[in-house]
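Take a look at the letters that make up each chain.
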Amino acid sequence: MPKKGTKSKKAVDDVPDQQENKLPDYLELQRTRVVCNADAPIHTQGFQYSGAFAAMGVDNSVSVEKFCKNFKIDIKRLTEDDMEFDMIGVDASIANAFRRILIAEVPTMAIEKIFMADNTSVIADEVLSHRLGLIPLDADPRLFDYISENDVPNERNTIVFKLHVSCEKGSQRITVKSGELEWLPEGSQLSMASPAQSGDKQKTFTSFSQSQKEILEKPLGVKFKDITIARLGPGQAIELEAHAVKGVGKVHAKWSPVATAWYRMLPEVVILEQIEGEEAEELVKKCPVNVFDIEDLGNGGKRAVVAKPRACTLCRECVMGPCGEKIQLRRVRDHFIYTIESTGALPPEVLFTEAVKILEEKCERVISELS
Amino acid sequence: MTVPPADDAAKKELPPPSYRSLAAPVATPVDKFALLPAFLKVRGLVKEHIDSFNYFTTRGIRNIVEANNRIEARNDPSIYLRYTNVYVGTPSVQVDYKIENITPHFCRLTDRTYSAPIRVDIEYTVGKQHEPQHKKNVLIGYLPIMLRSYACVLHGRDEAELARQGECPLDPGGYFIVKGTEKVILIQEQLSKNRIIIDTDSKGRVIASVTSSTHEIKSKTVITMDKEKIYLQLNQFTKPIPIIVVMKAMGMESDQEVVQMVGRDPRYGDLLFPSIQECASERIYTQQQALQYMDEKVTYPGAGNQKEGRSKSILRDVFIAHVPVKNGNFRQKCIYTGVMLRRMMDAILNADTFDDKDYVGNKRLELSGQLISLLFEDLFKTMNSQAVELMNKNSDKTRSSPSDFSQLIKHEAITSGLERAISTGNWDIKRFRMHRKGVSQVLSRLSYMASLGYMTRITPQFEKTRKTSGPRALQPSQWGMLCPCDTPEGEACGLTKNLALLTHVTTDQEEGPLMNLCKSLGVEDLTLLSGEEIHAPGSFLVMFNGLILGKHRQPQTFANAMRELRRSGKIGEFVSIFVNEKQHCIHIASDGGRVCRPLIIADKGISRVKECHMKELRDGIRSFDDFLRDGLIEYLDVNEENNALIALYEHVDQDDVERSSITHIEIEPLSILGVVSGLIPYPHHNQSPRNTYQCAMGKQAMGNIAYNQLFRADSLLYLLVYAQRPLLTTKTIELVGYDKLGAGQNATVAVMGYSGYDIEDAIVMNKSSLDRGFGRCIAMKKYTVMKENYGDGVSDRIAKPQRDKDGVLLRQNMRALDEDGIAAPGQIIRNHDVYVNKQSPKIVDRRGAGALLKDMDYKDSLAIYKGVDGETTVVDRVMLCSDTNEKLSIKCIIRHTRRPEVGDKFSSRHGQKGVCGTIVQQEDFPFSERGICPDLIMNPHGFPSRMTIGKMIELIGGKAGLSCGRFHYGSAFGEPSGNADKVEDISNTLIKHGFSYNGKDFLYSGILGHPLEAYIFMGPIYYQKLKHMVLDKMHARASGPRVLLTRQPTEGRSRDGGLRLGEMERDCLIAYGASMLIFERLLLSSDPYQVQVCRKCGLLGYYNYKLKTSYCSMCKNGENMAKMRLPYACKLLFQELQAMNVVPRLKLTEG
C-alpha cells in the first residue's frame, strides 16, 4: 500500500489545474510519512489543508471516492480478548476517533451500587466497593438500558449480584475471588428498611417484573473468576449485594470496555545507502527486534536488508550508530496498526463495530444539527 | 540485564596470582553487604535508645539507689531505712488490689501508661527496737517502660508472638507510652563533659573551659587570658582570679614549680611571666595569702564552711569538680590546671591547636536512659527527704512512738513525676538547675518513615535563634556518624540532625578496671611525677575520660596494646583509644554518649573479613557479634577515627594512599546516610538540597504505617489504599522495611508539557488511573467522648435515639446511631450527624440524687460530627474503655476515603513536590507505540534548575526493571559495589527490550492522534501522596461568626473565619484609587458600628432608645450630637484609651 515516491519529473510548463500532477519527492515524503530521526520525529502533523499544494496543482482534499478506493482493513490477529488489525487509508484523526470512542464511549455494564449487609473484613467498605466496581462483567450491554437517577431499577437496566462469604472461626485464611459473585436473576433479595406492615410483599431495592433469565439467552456472570476481591481471616465475613448498571468509560474507567485500545503507524525502515560487510552485521546485531537481515552477495560480501520493518519499536539504535545516516526510520501516516484489548464484555471485533456505530451516530447528529 | 557489575571491576583490580590472591580477601564488596542486615538484626534500628534505657534499668537505677541507700531520722540516727536491692518488674497495673500485666497495645487503646513497678528490698528499724526488719518487694513507684527494652514484654519476641500482642514487628520500639500517647525522648546533643576545650570568647580572648559533671555537682571552669595575664573565672567569684594565685591557693607556692607544671619551654615561661608578676605585685607568696585574697572575691561570703575558708571549699568542690581531691591533696588539680594552661599556651603559640566546638568528637549525645536517670535520681532523693521530713515531724510531735520508715515511703511521687515529665517533655531538675522543655515529643505516626525519623533525631541544646553558621555547617567529622542530608529547613537547619544508619551511641562503662588495666600496661602514676617528668619529651599524657591518669613513655605501643585488648574482647568494644600527636596525649574514653560506628579492620590494607567469614555469615553460623568477638570488626568513635585510615573499598586503588597504611575498611558507603535519606534512589546524583527536601517530605507521605495500623487508635491517620513497594529500591529500603510498609505508588510518568495546567511544578493526572485507584487514600480521625461522672452516682448518660411510634427517628441527624446511642460501625455519617447521643444532668451538684434523676433532668450534650458537606464518611470503629479515673471514654473512629483531586500534593522521592494541576480523561492522554498511557504528566521545567539527575535515573532504572522483571537498586554511592545499577547497564537492558537507551519513547497525541513532535521521556517513578490535601484546607465564607471583643470576622478555617484583606492588598487598592472598595472591605464587611459623637467635646455619647435621643454623658446634654459610622475596633480603642486616662477626641466637620 505505501506509495513510492514518484520519479521527479520537473516540468516548467506545469499547468495548475492539471489534476494528475505529482508532488516532488521530498514533499510527498512529508505528506505521507513521519520521519523518525535520532533526535526527534519530524513532519508529525501532516498536511490538513485541502489546498496545501494547490499552487503545484495537487489536490490535498479528502474525498469519498478516494477514501473508498484506498480504505482497507486487514485483520492480523483475532482472539477472544484482543485483536490486531491494520487500518489503511484514513487520517490519524479518524483512527484516533475510534480509539477515543472505544476507551470512553462504548458502554458496558459495571457494578455501581453496593448494599453492604455485613463486612467484617479488614478491607474498608468503600475500598471493597471500588474493587467490585472494577470487575469486568460478562454481560452484553446492548441488552440493557441506561438507568437515570429517578429510574426504578428493573430487569432492563440493572443486574444484581450477591456476595456472601465467611471464613469459619479456626479455619485458614481464605481469599474471596470474583467467581463467588452470584447472579440474582430475580432481582434484589435485600428488603428495604421498614418491615412495619407484615403480610406485604417485602419491598426490595429493585422491582423486577420478570426474571432476567427469561430475557437473556445466557446466564450472566463475571468474565474472570479468579480476581481477588478480598481476603478473610477466621471469623470474618462479607455479605453484600451489588447492582450493576450500564455506563460509559467517560464517567468512570470501570465502564471502559477495553483494557486499552491503541494504534501505531506502520513502521517503514529504509536503507538509504548500501550497508555492507562488517557494518551490516553490526547493524543486524544491534537491533533488538531483528528488523534487519543479511543478504549474501555473490562474492562472499554481505549486505544489510530490511526484513521485518513491522517489528520496529523505535529504539533508534540503528539510526544512532556510525551508520546512522544510511538508515531512515519512517512511519506511514495513513496506515495504522490497531490493537484492541477487550475487558471481556464484548469481543473486540464487536467493540469496534460498536465504536463505528457511535461515530456514525455522532456524525448524524452533527449533520442534523447543521441542517 | 543482570550483569553483575562489580565483576569486571574486581577482575581489573586483582593482580596476577600473587601472595595476595592466596590470602583471598573478600573478592568484591558485594559480599560484605551482608554485614549490614546482620548488624541491624542484632541491633535493631534504635538500639541506642534501647541500650541506654536498658543500662538504666539494669545498672543506673542500682547505682542511684546504692548511692543514696540509707535514710535516717534526724533526732535518732538509729532509726533508719536501708535499701538493699532494687529491681524493675514487668509492666503491670494495679486494679483493685489485683496486679494485671499489660501490653503496650492495650495501653495505647486505653490511654494508660505503659509502666512497670520499681521495687526495692529494704532493711529498717521499727520504733525503738534496734533489731532491723526486712521487707521485700516494696513498691517505690512506676517507671514508664521503653518498648522493646529488657523490661518490656515485647523483648525478644518473634513475629508471631508480637502479632498476638497486637504489635507490629516492623515497629522499632524505643519509645514510651504515657497516657495512651507514644512519646519519644529525643536524643539531646551536648558539648562533652569533663574535657578541656580551648576556644576564643566573643572578645577574641583565648579561653580554656571545662564543664565538670559529677554526681553531686555540675560546674563550669573557665581560664581566660586577658591582656597577657591569665585568670580563672568561676561563678562563685565576683572577679577573675589570677591563675598563679589559684595555684598558690592550692598549695603550689613555688613559681618554679608552676612553670615546670606548664612546661619548661622558654616560650611558655614568657607567656606565664606577666601572670607571675601580677601575683607578686599583689604580694601573695603563700597559700594562706592566696586563700585570703580569694576569700574577698567570693560571691556569697556568708555561706559555706567558715572554719576552712569559703574559697578553699570552692576550690575543692567547684573548681574543675571532676578532678578528685583526696585527703586535702590538691596536687591532681594543680597538674590538671597546669595542663589546661599548657594547652592554652599551645593555642596561643600555634593557632591550629584550638578546639572546634562543632567537632563531633567534642559532642556527647544524651539519650533517654541518661535523662530518665537524672530525673529518677532527683525524684528518689525527694522521696527520701520527704520520708525523713515526715519522720522528723512525727517524732517531734509524738516523742513516744516513732514510726518506721517503711510506712513513710510514698510511691506516688516517683510515678507521677516520671509520668509528668515524659508526657509534657519538661525536664526540671532542681539540683542542677536544669529546666528543659520539649525533651520528649509525640511520636508522629503519619508514616512509617516519620516515626523512624523521630527515633534517630538529635536536637541541639543551644538556642535556635543564633545566626552563626558554624554549628549549622556540615562537619567533616560527622562522616558516617550523622546523616549529611536529613535536617529540617529553616530555623533548625543544621542544628537538628539525624543519626546515620550504622551509628551507635555508647553507654557508660565501668572505669575502675580500665584504670587498673592502664596502669598495669605501664602508665606511670601522676602523683609520683614531678612537673618536669610529666612533660618530658617523647612521653604522652594518658587522659582517661577527661582525667589525667598518668603518663606513658611509649604511647604507640600502649595504644596498640589497648586496642588489641579491645579487639580480643577483654575490654568493652566501645572503649576508644585515641592518640593525639598534637597534644601529646592519649585519650581513653569509656563514657556514654559518644557516637561510634563499626568498621572492618584491615591489616596493612588487607581486610580481616575474608570470604570464608562471609560464607559463615550467609549460612547463619556466624553473627555480627562473632565478627566483633573475633576482632574482624570494631567500633571506632569520632576521635579514634583520626588515628585510622579508612578505605572505602578494599579492591579499589586509592592513588595517593599507600595501601599498607590503610587500617580500616568501610562496611558500606551507603551507611553514611541515615534511615530517612536512605530511601532516595541515586541520592549521590542529586543536587544536595533536593535530598534534604525529600527527607522532610518522606515524613509527610501517606502509606502504610504499621501492620497493626487498623487496630490502632491514632487521632489522625492517613493511609494509602494501594501502597506499593518502589520499583527502584535501595538497600536501605530493604533494611528498614520500607518495602513492606511503602508510602507511595509507582506511577508511569511522562515528562512533557501538557495543557498548560502543569506550570510551576503542577502535575497532570490521568482520570482513569485515579478511577482505578491511583493515589486513593483513607483518612481516619478519632473523636473521643467522655462520659463524665459528677460523683454521687450522677453521671452523663448515653440515650438511645428517640423514635416515634412507627419507629421513625424523631431527628434525622441521629440516623447513624445504633440502638445504644453510639454510632454504629459501618454507618455512613454526614456533616452535622450525631455520633454519640450523650445527655448530661441539668443540675450537677444535687447530692444523693443519682438514682432518682428522670428523663427531664437531663439535657442534650450531643457529640455532633463536623465534616465536609457532600462527602460521605463512614464510622470505622467504636471503642469503649474506661480510663484511669474509671470514666467511660467512647472513641469513634471515622473514616473517609478520598480520591485525588485538583490541588492535592504529590512528590517524587527527589524533593520535587507539586500539586495536581488538572485531571484529564485517559483518551486525551498521549499513548506510546505499546499502548502505554502515562498516569501523570510532569513538566520538564522541573529538571534544569533542580538538577535531580537521580530522578531521571530512577525513571530509566524503573523502566528497565519493569521490562526485565527485576527490582533495580539505586543505593547511595552503590555503583562500585553493585548496590546500585549503573546507567550503562540500565540502558543496555532498555535496548534489549526494544526501548530507546535514553528512556525516551515515541508518543502519539491522544487528542489529535498524530505523533508528538519529540520523543518523550517516559517511565515509572515512585510517587508519594503527601498529607496536604485540598479537602482539609479549602475554605471560603460569606458572612459568618465574629470575634466577641472586636466584632471583626473570626480568623482561621477552623473557626469559619473570613479571608483577610491584608496590608499589602490594602496598599494595592490605595494605589489603584479604589477607595469605595477599601471602604467596603475594611468597614462594611468587617465591623461597622454606629456611634453618637458629641461635636462639642468630641467624645462618644450614647443613644437613649427610650427617649429616642442621643446624649453626651460628658457635656450632660444631647444638643450637639452627631451620628457616624466607625469600625467597632476604633470605638473600642477610644474607650480603652479613655480607660488609660488618654482622651481621644473626634473633630467633626460637615460633610
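Residues numbered from 1 in each chain as written. Chains lettered and ligands numbered in written order. Predicted model: local features only at pLDDT ≥ 70, side-chain atom pairs only at ≥ 80, totals over all residues. Heavy atoms only, no water.

The test is simple: UniProt positions are given in the numbering used here, feature names are shortened, and annotations may be inferred rather than shown by experiment.
An unreviewed UniProt entry lists chain B under the name DNA-directed RNA polymerase subunit beta, with Panicum hallii var. hallii as the source organism. What UniProt states about chain B under its Subunit (unreviewed entry) heading is, verbatim, "Component of the RNA polymerase III (Pol III) complex consisting of 17 subunits." Recorded under Subcellular location (unreviewed entry), the UniProt text for chain B is reproduced unchanged: "Nucleus".

For chain A, an unreviewed UniProt entry supplies the name DNA-directed RNA polymerase RpoA/D/Rpb3-type domain-containing protein and the organism Panicum hallii var. hallii. For the record of chain A, the UniProt heading Sequence similarities (unreviewed entry) holds the text "Belongs to the archaeal Rpo3/eukaryotic RPB3 RNA polymerase subunit family."

1. Side note on the interface of chain A and chain B
Where we set the bar: Contacts are assigned to residue pairs with any non-hydrogen atoms lying within 4.5 Å of each other. Accessible area that two parts lose when put together, with a 1.4 Å probe and added across both, is what the buried area reports. Just to be clear on terms, a salt bridge is a Lys or Arg side-chain nitrogen sitting within 4 Å of an Asp or Glu carboxyl oxygen.
Listed per partner, the contact involves 43 residues of chain A and 46 residues of chain B. Regarding the contact of chain A and chain B, the summed buried area is about 3600 Å², with carbon and sulfur atoms giving 52% of it. When the buried area of chain A at its contact with chain B is split by residue, Glu 126, His 130 and Arg 316 of chain A rank highest and sum to 14% of it. Taken together, the connections running from chain A to chain B amount to 3 salt bridges.

2. Thoughts on the UniProt feature "domain: RNA polymerase Rpb2" (unreviewed entry) in chain B
What counts, and what does not: Working definition: helices are DSSP H or I runs of at least four residues, strands are E runs of at least two. Numbering for both runs from the N terminus.
Here the UniProt feature "domain: RNA polymerase Rpb2" (unreviewed entry) sits at residues 193–366, 441–505, 542–602, 624–669 and 1057–1147 of chain B. Between the C-alpha atoms that bound residues 542–602 of chain B the distance is 26 Å, and the span itself is 21% helix and 44% strand.

3. Description of empty space enclosed by the protein
Residue and element names in this part refer to chain B. Rule in force here: Grid points spaced at 1 Å over the protein atoms alone were grouped into cavities, where a 1.4 Å probe fits but cannot get out, and pockets, open sets with protein on both sides within 12 Å along at least five of seven lines, with lining residues defined by an atom within 4 Å of a point. Grid points are joined across faces, edges and corners, and a volume is the space filled by probe spheres set on the points. For this scheme, ten residues count as nonpolar: Ala, Val, Leu, Ile, Met, Phe, Trp, Tyr, Cys and Pro. Four count as charged, namely Asp, Glu, Lys and Arg, and the remainder, Gly too, count as polar.
Overall, the coordinates contain 12 cavities of 30 Å³ or more when judged by the stated rule. In this structure, the largest cavity spans a volume of roughly 140 Å³. Taken together, 17 residues line the largest cavity, and the ones lying closest to its centre are Glu 189, Val 360, Lys 363, Leu 482 and Lys 497. In terms of residue count, strand β15 (residues 363–366) provides more of the lining of the largest cavity than any other element does, 3 residues in total. The volume enclosed by the second largest cavity comes to roughly 100 Å³. Residue lining of the second largest cavity: 14 residues in total, with Asp 761, Ile 763, Gln 912, Lys 913 and Met 938 positioned closest to the centre. Of all elements in the fold, only β47 (905–908) and β48 (913–920) reach the threshold of two or more residues within the lining of the second largest cavity. A class-by-class count of the residues in the lining of the second largest cavity yields 5 nonpolar, 5 polar and 4 charged.

4. Observations concerning the sheet that holds strand β39 (residues 797–798) of chain B
Residue and element names in this part refer to chain B. Threshold: Pairing between two strands is assigned when DSSP locates at least 2 bridges connecting them.
The 3 strands are arranged β39-β42-β43 in an open sheet whose pairing can be described as antiparallel. Among the strands making up the open sheet, the edge pair consists of β39 and β43 (858–860). Here 3 bridges tie strand β42 (residues 838–841) to β43, and the two strands are oriented antiparallel to one another. By the bridge assignment, Gln 839 is partnered in β43 with Asp 860.

5. Let's talk about a nonpolar patch on the surface
Residues and elements named next belong to chain A. Note the cut-off: The residues that make up patches have over 30% relative accessible area and no salt bridge, and they are joined within 9 Å when like-charged or within 5 Å when they are Val, Leu, Ile, Met, Phe, Trp or Tyr. The protein chains shown are the only cover counted for residues, whose accessible areas, like all others here, come from Shrake-Rupley with a 1.4 Å probe. Relative accessibility decides the category of a residue: with a 1.4 Å probe and only protein chains considered, values under 20% of the type maximum give buried, values over 50% give exposed, and everything between is partly exposed.
On the surface, Ile 73, Ile 75 and Leu 78 cluster together into a nonpolar patch covering about 250 Å² of accessible area. Along the chain, Leu 78 turns up in strand β3 (residues 72–78). Exposure remark for Leu 78: the relative accessible area of 43% places this residue in the partly exposed category.

6. With respect to the side chain of Thr 487 of chain B
All names here are of chain B. Where we set the bar: Here a polar contact is recorded for every N or O atom pair within 3.5 Å, except that within protein the pair must consist of a potential hydrogen donor and a potential acceptor, and residues adjacent in sequence are included only if both atoms are side-chain atoms.
Of note, Thr 487 is situated in the loop between β19 (457–459) and β20 (497–498). A polar contact is formed between the side chain of Thr 487 and the backbone nitrogen of Gly 494, at a distance of 2.8 Å. Reaching out from Thr 487, the side chain makes a polar contact with the backbone oxygen of Thr 496 at a distance of 2.9 Å. Apart from residues lying up to four places away in sequence, Thr 487 is in contact with Ala 492, Cys 493, Gly 494, Leu 495, Thr 496 and Thr 692.

7. Here's the deal with the packing of helix α26 (residues 949–964) of chain B against helix α27 (residues 983–992) of chain B
Residue and element names in this part refer to chain B. Note the cut-off: Axis definition: a line fit to C-alpha positions, over the contact stretch in the case of helices; interaxial angles, taken between N-to-C directions, run 0 to 180 degrees. Working definition: roughly parallel below 35 degrees, roughly antiparallel above 145 degrees, roughly perpendicular at 65 to 115 degrees, and oblique for all remaining angles. Two helices crossing with the near one rotated counterclockwise from the far one by less than a right angle form a left-handed crossing, whereas a clockwise rotation gives a right-handed crossing.
One way to put it is that α26 packs onto α27 with a least axis distance of 9 Å and a crossing angle of 45 degrees. With respect to their mutual orientation, α26 and α27 come out oblique. As for the relative orientation of α26 and α27, their crossing is left-handed in sense. Across the interface between the two elements, Ile 953, Ile 956, Gly 957, Lys 959, Ala 960, Ser 963 and Cys 964 from α26 touch Val 983, Ile 986, Thr 989 and Leu 990 from α27. Taken together, the residues of the contact of α26 with α27 sort by class into 7 nonpolar, 3 polar and 1 charged.

8. Focus: the packing of helix α9 (residues 255–262) of chain B against helix α13 (residues 331–349) of chain B
Residues and elements named next belong to chain B. Where α9 contacts α13, the two axes come as close as 8 Å, and the packing angle between them is 60 degrees. It follows that α9 is oblique to α13 by the angle criterion. α13 is crossed by α9, and the crossing has right-handed handedness. Residues Glu 257, Met 261 and Val 262 of α9 pack against Arg 331, Cys 334, Ile 335, Gly 338, Leu 341, Arg 342 and Met 345 of α13. By residue class, the composition of the contact of α9 with α13 is 6 nonpolar, 1 polar and 3 charged.

9. Section: the pattern of salt bridges
Scanning the entire structure with this criterion turns up 84 salt bridges over all chains. For the salt bridge of Glu 354 of chain A with Lys 357 of chain A, the shortest nitrogen-to-oxygen distance reads 3.2 Å. Here Glu 354 of chain A pairs with Lys 357 of chain A, and both are found in helix α8 (residues 348–370), just 3 residues apart, close to one helical turn. Between Asp 771 of chain B and Arg 899 of chain B there is a salt bridge whose closest N-O contact spans 2.9 Å. Residue Asp 771 of chain B is located in helix α25 (residues 767–771), and its partner Arg 899 of chain B is located in the loop between β46 (888–898) and β47; the two are separated by 128 residues in the primary sequence. Looking at Asp 771 of chain B, the relative accessible area reads 0%, which means it is buried. Among the residues examined, Arg 899 of chain B registers a relative accessible area of 31% and is labelled partly exposed.

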